[in-house]
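Tertiary structure, described
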Amino acid sequence: MTVTDSLLAFTAAATLLTLTPGLDTALVLRTAAAEGGKKAFQAALGINAGCFIWGAMVAFGLGTLIAVSELAFNILKWCGALYLCWLGIQMIWHPQSNLERDETSSSTKSQNWFVRGMLGNVLNPKVGVFYVSFLPQFIPLGHSPILWTFGLVSIHVLLGTLWSLSLISATRPISHILRRENVIKWMNRVTGGVFLLFAFKLAVSNR
């Protein structure tokens with residue numbers, strides 16, 4: 001496989017992966033609709049940071065440990081499932097409705113969505129296993145695995161960023177509706193349910 005073939009094939013596969021509805025899409029869409037584009041973009045940046053962390057682990061061989069060690073996989077799996085459960089329960093039991101209070105909150109609180117996006121990605125061992133099994137297929141023979149791994153992850157992150165920006169932009173025309181108190185409560189509870197569903201799927205998953 002030539003360099004051009006590798007790049008084209010990976011870009012096509014990563015595009016399909018990015019557009020497939022999942023936890024990242026739900027997180028960005030909900031945050032954009034309920035709390036605005038700025039915080040949604042923070043969540044997207046957190047997700048991107050998580051991708052680079054997994055890319056580093058794969059590039060330097062640590063990701064292989066998650067792929068081959070059942071103990072390491074299960075520890076990370078249960079940490080991720082518990083984290084998603086916590087987020088989901090928080091959204092269902094305490095749905096945010098006071099946007100004015102949120103908009104005047106401290107900068108530390110406004111950065112929480114970056115952390116949540118990053119942790120949601122890093123604590124999902126399925127992402128690590130996917131990167132370990134997926135990325136090497138697109139590295140041409142004779143080329144640096146480390147450089148190519150980071151390069152491919154960068155392409156994935158770029159596609160994810162464009163997709164997140166599209167989701168954020170799509171919510172702007174109807175933001176006055178989406179940011180009503182009852183609508184926000186409903187969205188939070190639905191998103192919380194989605195998080196609980198992903199937590200369950202992660203908890204029962206195998207490598």
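Residues numbered from 1 in each chain as written. Predicted model: local features only at pLDDT ≥ 70, side-chain atom pairs only at ≥ 80, totals over all residues. Heavy atoms only, no water.

As recorded in an unreviewed UniProt entry, the protein goes by the name Lysine transporter LysE, listed as coming from Xenorhabdus mauleonii.

In this section: the nonpolar core. Ranked by size, the top nonpolar core spans 39 residues in total, and within it Phe-10, Val-28, Tyr-131, Leu-135 and Leu-152 carry the most contacts. Residue assignment for this core shows that the elements contributing at least two residues are α1 (3-19), α2 (23-35), α3 (37-59), α5 (70-93), α9 (125-134), α10 (145-171) and α12 (181-203). Filtering out sequence-adjacent residues up to four positions away, Leu-135 remains in contact with Phe-10, Phe-130, Thr-149, Leu-152 and Val-153. (Core = buried A, V, L, I, M, F, W, Y, C linked by side-chain atoms within 4.5 Å. Buried < 20%, exposed > 50% of the residue type's maximum accessible area, 1.4 Å probe, protein only. Helix = DSSP H or I, 4+ residues; strand = E, 2+ residues; numbered from the N terminus. Contact = heavy atoms within 4.5 Å.)

In this section: the environment of Ser-133. If you trace the backbone, Ser-133 turns up in helix α9. For Ser-133, a relative accessible area of 43% gives the class partly exposed. In this structure the C-alpha to C-alpha distance between Ser-133 and Val-58, which are 75 residues apart in sequence, comes to 9.6 Å.

Quick look at the packing of α3 against α9 now. Direction vectors running N to C along α3 and α9 enclose 50 degrees, while the axes themselves pass 10 Å from each other. As judged from the angle between their axes, α3 and α9 are oblique. α3 and α9 meet at a crossing whose hand is right-handed. Residues Cys-51, Trp-54, Gly-55 and Val-58 of α3 form the contact with α9, whose participating residues are Pro-125, Val-127, Gly-128, Tyr-131 and Val-132. Counted by class, the contact of α3 with α9 contains seven nonpolar, two polar and no charged residues. (Axes fitted to C-alpha atoms, helices over the stretch in contact; angles between N-to-C directions. Parallel < 35°, antiparallel > 145°, perpendicular 65-115°, else oblique. Left-handed = near helix turned anticlockwise from the far one by under 90°. Nonpolar A, V, L, I, M, F, W, Y, C, P; charged D, E, K, R; others polar.)

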